[in-house]
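# Tertiary structure, described
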Amino acid sequence: MIGVRMVQRVSSTRWFAKVAPHVIPALDRAVHRLTGGRYLLSTQMLPGLILTSTGARSGQLRRTPLACMPQDDGKSWLLVGSNFGRPGHPAWSHNLLAHPEASISWRGQDIPVTARLLAGEERAEAWQALLAFWPPYATYQARVTRQIRLFRLTQAP
């Protein structure tokens, strides 16, 4: 577990917040494409998926690799709009607010989902579970004045 703790420490640094958003998504997209959607590089530390959402302003499809916390035996997923602890909400979270119907690539399977922004007690419970799952989220929240958005994706019927 030393490896996980080391990655958690590194991912909590400001240097990581500056570099990672430019490197990790590009690597994940390339690996995902090369493996036919079966693999993401970042899943060595955290579960991950590729979110395909509709652009809030453009209406164009946007593919974003994201860490997630699977729930309900793979029937729902929690997404954290941490933006690596940088100011401003990530673009994908604006997209989900405007167009909650989306799809994910999860373990090589394309799954239609509906996104819901969490609030109130449901958000507080999810946040505590996420902090236990990946403690660096607390560092990200401490760095920003905005409340980090949390979404629950549920498999569409």
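Quick summary incoming for the structure in this document.

## Focus on the pairing of strand E7 (residues 149-155)
- Counting buried residues along E7, five of its seven residues qualify, which places the element largely inside the surrounding structure.
- Judged from the six bridges that link them, strand E4 (residues 76-81) and E7 form a sheet pairing that is antiparallel. Among the inter-strand pairings, Trp77 is bridged to a residue of E7, identified as Leu153.

## Topic: the sheet that holds strand E1 (residues 48-54)
- One open sheet accounts for seven strands, arranged E2-E1-E5-E6-E7-E4-E3; its pairing is antiparallel. Of all strands in the sheet, those with a lone pairing partner are strand E2 (61-67) and strand E3 (69-71), marking the two edges. The average undirected angle you get between the axes of adjacent strands in this sheet is 30°.
- Bridge analysis of strand E5 (residues 101-106) against strand E6 (residues 109-117) gives six bridges, and the strand direction is antiparallel. By the bridge assignment for E6, Ser103 is matched with Pro112.
- Along the sheet face, helix H4 (residues 120-133) touches E3, E4, E6 and E7 and points at about 95° away from the line of E7.

## Things to note about helix H3 (residues 91-98)
- Within H3, burial applies to Trp92, Ser93, Asn95 and Leu96. Axial view of H3: buried residues confined to an arc of 155°, hence all on one face.
- Buried residues along H3 sit in contact with E1, E2, E4, E5, E6 and E7.

## Brief notes about the nonpolar core
- Counting 16 residues, the largest nonpolar core has Leu49, Leu51, Trp77, Leu79, Leu96, Ile104 and Leu153 as the members making the most contacts within it.
- Among the secondary structure elements, those contributing two or more residues to this core are E1, E4, H3, E5, E6 and E7.
- Of all hydrophobic cores here, the second largest spans 15 residues; its members include Leu78, Ala126, Leu130 and Leu131.

## So, the packing of aromatic side chains
- One pass over the full model with this rule turns up four aromatic pairs.
- Here the aromatic rings of Trp77 and Trp106 are separated by 5.8 Å at their centres, their planes lie at 70°, and the arrangement is edge-to-face. Taken as a pair, Trp77 in strand E4 and Trp106 in strand E5 lie far apart in primary sequence, 29 residues in all.
- For Trp106, a relative accessible area of 7% translates into the label buried.

## Here's the deal with the packing of H4 against helix H5 (residues 136-143)
- Packing of H4 against H5 brings their axes to within 8 Å, and their N-to-C directions diverge by 120°. Taken together, H4 and H5 sit at an angle that is classed as oblique. Every residue of H5 that contacts H4 at Arg123, Trp127, Leu130 and Leu131 is listed here: Tyr137, Ala138 and Gln141.
- Classifying every residue of the contact of H4 with H5 by side-chain character gives five nonpolar, one polar and one charged.

## Considering the environment of Leu49
- If you trace the backbone, Leu49 turns up in strand E1.
- Residues Leu49 and Arg107, 58 residues apart in the sequence, show an inter-C-alpha distance of 7.5 Å.

Cut-offs used in this document
- Residues numbered from 1 in each chain as written.
- Predicted model: local features only at pLDDT ≥ 70, side-chain atom pairs only at ≥ 80, totals over all residues.
- Heavy atoms only, no water.
- Buried < 20%, exposed > 50% of the residue type's maximum accessible area, 1.4 Å probe, protein only.
- Helix = DSSP H or I, 4+ residues; strand = E, 2+ residues; numbered from the N terminus.
- Pairing = 2+ DSSP bridges.
- Axes fitted to C-alpha atoms, helices over the stretch in contact; angles between N-to-C directions.
- Contact = heavy atoms within 4.5 Å.
- Arc of directions from axis to C-beta.
- Core = buried A, V, L, I, M, F, W, Y, C linked by side-chain atoms within 4.5 Å.
- Phe/Tyr/Trp six-rings, centres within 6.5 Å; stacked < 30°, edge-to-face > 60°.
- Parallel < 35°, antiparallel > 145°, perpendicular 65-115°, else oblique.
- Nonpolar A, V, L, I, M, F, W, Y, C, P; charged D, E, K, R; others polar.

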